[in-house]
Amino acid sequence: MPNISEIANYAQDSAKKLGIKKFDIYGSSVDATSVQVDQGEPKQVKASNLSGVTVRVWNDENTMGVTSTTDVDPKGLELALKTAYEASFFGVKENVPDFSPEATVDLAVQKHEKLPQAPVSQLIETLLRAEKDVLAAHPAIKGVPYNNLAQRDIDRFYLNSDGAMRTESHSLASIYLYSKTEEDGKKPRSAGAFRINRSLETLDVNGCIQETTEKTISHLNYEKVKSGKYRVVFSPDAFLSLLGAFSNLFNAQNILDKQSLSTPDDLGKQIASPLLSVYDDALHPANVGAETFDGEGTPTRRISLIENGVLTGFLHSAGTAKRMNAKPTGNANIGAKVTVSPNFYHVFGNSPADQELSLENAENVILIDDLQALHAGVKSLQGSFSLPFDGWIVNKGVKTSIESATVAGDFLQVLQSIIFVEKELELTPAGVCPRIWVDELSITGE
């Protein structure tokens, strides 16, 4: 990707030439390499470079046009500005997006430079060893059908005609393993794990292998579960999938579009158990791919969404913030329509020490590790869900895998029914979160 100040100069020149006074540009470039293996052989090696910019132009009547291009040389930019300018005369007249008032505010200093990428041969070797270790862990494990080791270099920038100019770069490496068993007369069982860090060197490959094998082995001896109401413990991953599925709760764009479980008047309402607090915190130290600004150039920050069970905040773009008389929060994605999405959840609890619950002495508790079919089993505007899951029934620390079952409930009810939030936080792709105990949920077994 060309140097950002060069892009800014081309853009200024072209805009002047075209008589455009107001514009902004957001761009990113991702350089990625990923490998997959199958039964001791490399199966796929993929290298890609995706770069693109989104250009927005406002005309003198203050309507706006948008265009995207992958061409960031002077010619490409000039064409993009011209196209966006022409489109601006057909732009919406109401709630026209505008620059973020914070596009020129100083960023929180979080400079992560790019790290050198490992050679492809090293990626393949690492993943082949991981596959071999998983297969060697137990005779019943016959394959690791889904696996991936990837590294990415990411560059992003934002600039506008008011003099905003931001840029950042970082590197990421991630590994995913998902194993499958075959045993005579038994159903195949599977489990997976994921790790992410800044580079292959710091990636916890062994931790990923260990988690995958331990989980898989724990599912080998399974039993049916009786349908009924159970006390349920959600793994960090499972709880965050559920929170993500109902993120319209905090999303100001959804709220304004009346596509949300919340209304603007819900701020300050008790919507969850007082034991629960939820933040959106892009700059959390555990977030290795932390972005310091969003698509509109607004700095990202820590936003309190639920504080001791009380709904305390929404996620905003510049446009939703203006309409709701709030501040932009650094959660905007720029495009034909500006959308809002969470960055990185930080969920924690404030359970009194004398009310410690533990799986060591709990009886008949269901531990849900992983929720499935989230796109199909969630009615995000009704708040209800019915989802198949992988998990165990736990009695005094002894975990027995559940053959197959679904969990159903109402998300707002789940938030109210939280009885314990564990201390220990775990890193997942969506954020950091502890295990969450919920009093009663309907489980349907065979």
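Residues numbered from 1 in each chain as written. Predicted model: local features only at pLDDT ≥ 70, side-chain atom pairs only at ≥ 80, totals over all residues. Heavy atoms only, no water.

**Student:** In this structure, what is going on with the overall build of the chain? I would like to understand it.
**Tutor:** When its secondary structure is counted, the chain shows eight helices and 23 strands. Over its C-alpha trace the chain gives a radius of gyration of 24 Å, about what one expects of a compact globule, namely 22 Å for 446 residues. In terms of principal-axis extent, the alpha carbons of the chain reach across some 75 × 55 × 35 Å. For the chain, the proportion of its 446 residues judged to be buried stands at 50%. (Helix = DSSP H or I, 4+ residues; strand = E, 2+ residues; numbered from the N terminus. Rg over C-alpha atoms; globule rule 2.2 N^0.38 Å. Buried < 20%, exposed > 50% of the residue type's maximum accessible area, 1.4 Å probe, protein only.)

**Student:** What's the story with the pattern of salt bridges in this structure? I'm lost.
**Tutor:** When the charged atoms of two side chains with opposite charge come close together, those side chains can pair. Summed over the entire model, instances satisfying the criterion amount to 22 salt bridges. Across the pair E86 and K82 runs a salt bridge whose closest N-O atoms are separated by 3.9 Å. Within this pair, E86 and its partner K82 are both found in helix α2 (residues 74-88), separated by four residues, close to a single helical turn. Take K82: its relative accessible area is 41%, and that puts it in the partly exposed class. In this structure, K269 engages D266 in a salt bridge whose closest nitrogen and oxygen atoms are separated by 2.8 Å. (Salt bridge = Lys/Arg side-chain N within 4 Å of Asp/Glu carboxyl O.)

**Student:** What is the right way to read the pairing of strand β19 (residues 405-410) from this model?
**Tutor:** Pairing between strand β17 (residues 384-395) and β19: six bridges, direction antiparallel. If you follow P388 over to β19, its bridge partner there is T406. Looking at chain direction, β19 and strand β23 (residues 436-444) are connected through three bridges and run antiparallel. Its bridge partner being in β23, T406 is matched across the sheet by T444. (Pairing = 2+ DSSP bridges.)

**Student:** Looking at this model, I keep getting lost on the sheet that holds strand β4 (residues 141-160). Mind explaining?
**Tutor:** Hydrogen bonds between backbone groups are what pair the strands of a sheet, and the pairing can be parallel or antiparallel. With antiparallel pairing, six strands are arranged side by side in an open sheet as β3-β2-β1-β4-β5-β6. Among the strands making up the open sheet, the edge pair consists of β3 (64-69) and β6 (190-197). Direction aside, neighbouring strands of the sheet carry axes that sit 15° apart on average. Inspection of the sheet shows strand β1 (residues 22-38) paired to strand β2 (residues 41-58) by 17 bridges, in the antiparallel sense. Its bridge partner being in β2, S28 is matched across the sheet by G52. Together, β1, β2, β4 and β5 (165-181) form the strand contacts of helix α3 (residues 120-136), whose direction differs from that of β4 by roughly 140°. With respect to the sheet, helix α4 (residues 205-218) is in contact with β4, β5 and β6, its orientation differing from that of β6 by roughly 165°. (Axes fitted to C-alpha atoms, helices over the stretch in contact; angles between N-to-C directions. Contact = heavy atoms within 4.5 Å.)

**Student:** Teacher, can you tell me more about α2 here?
**Tutor:** Within an α-helix, residues lying three or four positions from one another point in the same direction, as the helix has 3.6 residues per turn. Compared with the 21 Å implied by 1.5 Å per residue over 15 residues, the 21 Å span of α2 between its first and last C-alpha is a close match. At its buried positions, α2 is contacted by α1 (4-18), β1, β2 and β3. (Expected span 1.5 Å × (residues − 1).)

**Student:** How should I be thinking about the packing of α1 against α2 in this particular structure?
**Tutor:** For any two helices packed against each other, one specifies the inter-axial angle together with the distance between the axes. Taken N-terminus to C-terminus, the directions of α1 and α2 make an angle of 45°; their axes are 9 Å apart at the nearest point. One way to sum up the angle between α1 and α2 is to call them oblique. Note on packing geometry: the crossing formed by α1 with α2 is right-handed. Contacts between α1 and α2 involve I7, Y10, A11, S14, A15, K17 and L18 from the first element and P74, L77, E78, L81 and K82 from the second. Class assignment of the residues belonging to the contact of α1 with α2 gives a composition of eight nonpolar, one polar and three charged. (Parallel < 35°, antiparallel > 145°, perpendicular 65-115°, else oblique. Left-handed = near helix turned anticlockwise from the far one by under 90°. Nonpolar A, V, L, I, M, F, W, Y, C, P; charged D, E, K, R; others polar.)

**Student:** Even after reading the chapter, I still don't get the side chain of H170, so can you show me in this structure?
**Tutor:** Relative to the elements of secondary structure, H170 occurs in strand β5. Residue classification places H170 among the buried residues on the basis of a relative accessible area of 3%. Among all residues touching H170, those that are not within four sequence positions of it are H112, E113, K114, R152, D153, I154, G289, A290 and E291.

**Student:** Please explain the nonpolar core as it appears in this structure.
**Tutor:** Side chains of nonpolar character tend, in soluble globular proteins, to be buried together. By size, the foremost hydrophobic cluster in this structure holds 52 residues, and its most contacted members are F234, L276, V347 and I366. Beyond its immediate stretch of four places on either side in the chain, I366 contacts V225, Y230, R231, V232, V233, F389, W392, I393, I402 and I443. Grouped together as the second largest cluster of nonpolar side chains are 20 residues, V37, A118, V134 and C208 included. (Core = buried A, V, L, I, M, F, W, Y, C linked by side-chain atoms within 4.5 Å.)

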